[in-house]
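Structure assessment
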Amino acid sequence: MSHTPPVPDANQSPYPRQAPPPPPPALAETTARAAAHTAETERQRQRALTWATVAGIGIGGLAVGAILLLSRDSEAPKATTKRKKAAKKA
């Protein structure tokens, strides 16, 4: 059975068991970092909105072109071909 003797509060070891916690960052540094992150997020959102708009316009243009192309073909006169009826051989 091991027993450790009591250690007085004033007796501190020169080698602490745990490293001291890091100091908190300065408020100005934290605020600047948050503002930079917000600005970057806004730029990414704006870029995504621009790409979505361009893609929507492109797809819409293709759809209008396809509709016009298909409607033009449907108005064209259709060639009628008459097939000769084969005579039945008895």
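Attention in this report is confined to the structure presented alongside it.

Turning to the overall build of the protein, a few remarks are in order. Along the backbone of the protein there are one helix and zero strands. Of all 90 residues assigned to the protein, the portion counted as buried reaches 0%. For the protein, the accessible surface area stands at approximately 9500 Å², while carbon and sulfur atoms represent 64% of it.

What follows deals with the pattern of salt bridges. For side chains bearing opposite charge, pairing can occur when the charged atoms are close. Summed over all chains, the structure comprises three salt bridges. The shortest N-O distance in the salt bridge between E29 and R33 comes to 2.9 Å. Of this pair, E29 and R33 both sit in helix α1 (residues 27-75), four residues apart, which is roughly one turn of that helix. The partner of E40 in a salt bridge is R43, with the nearest N and O atoms 2.6 Å apart. On the criterion of helical spacing, the pair formed by E40 and R43 is a turn pair, its members being three residues apart in helix α1.

Rules and cut-offs
Residues numbered from 1 in each chain as written. Predicted model: local features only at pLDDT ≥ 70, side-chain atom pairs only at ≥ 80, totals over all residues. Heavy atoms only, no water. Helix = DSSP H or I, 4+ residues; strand = E, 2+ residues; numbered from the N terminus. Buried < 20%, exposed > 50% of the residue type's maximum accessible area, 1.4 Å probe, protein only. Areas by Shrake-Rupley, 256 points an atom, 1.4 Å probe, with all protein chains shown as cover. Salt bridge = Lys/Arg side-chain N within 4 Å of Asp/Glu carboxyl O.

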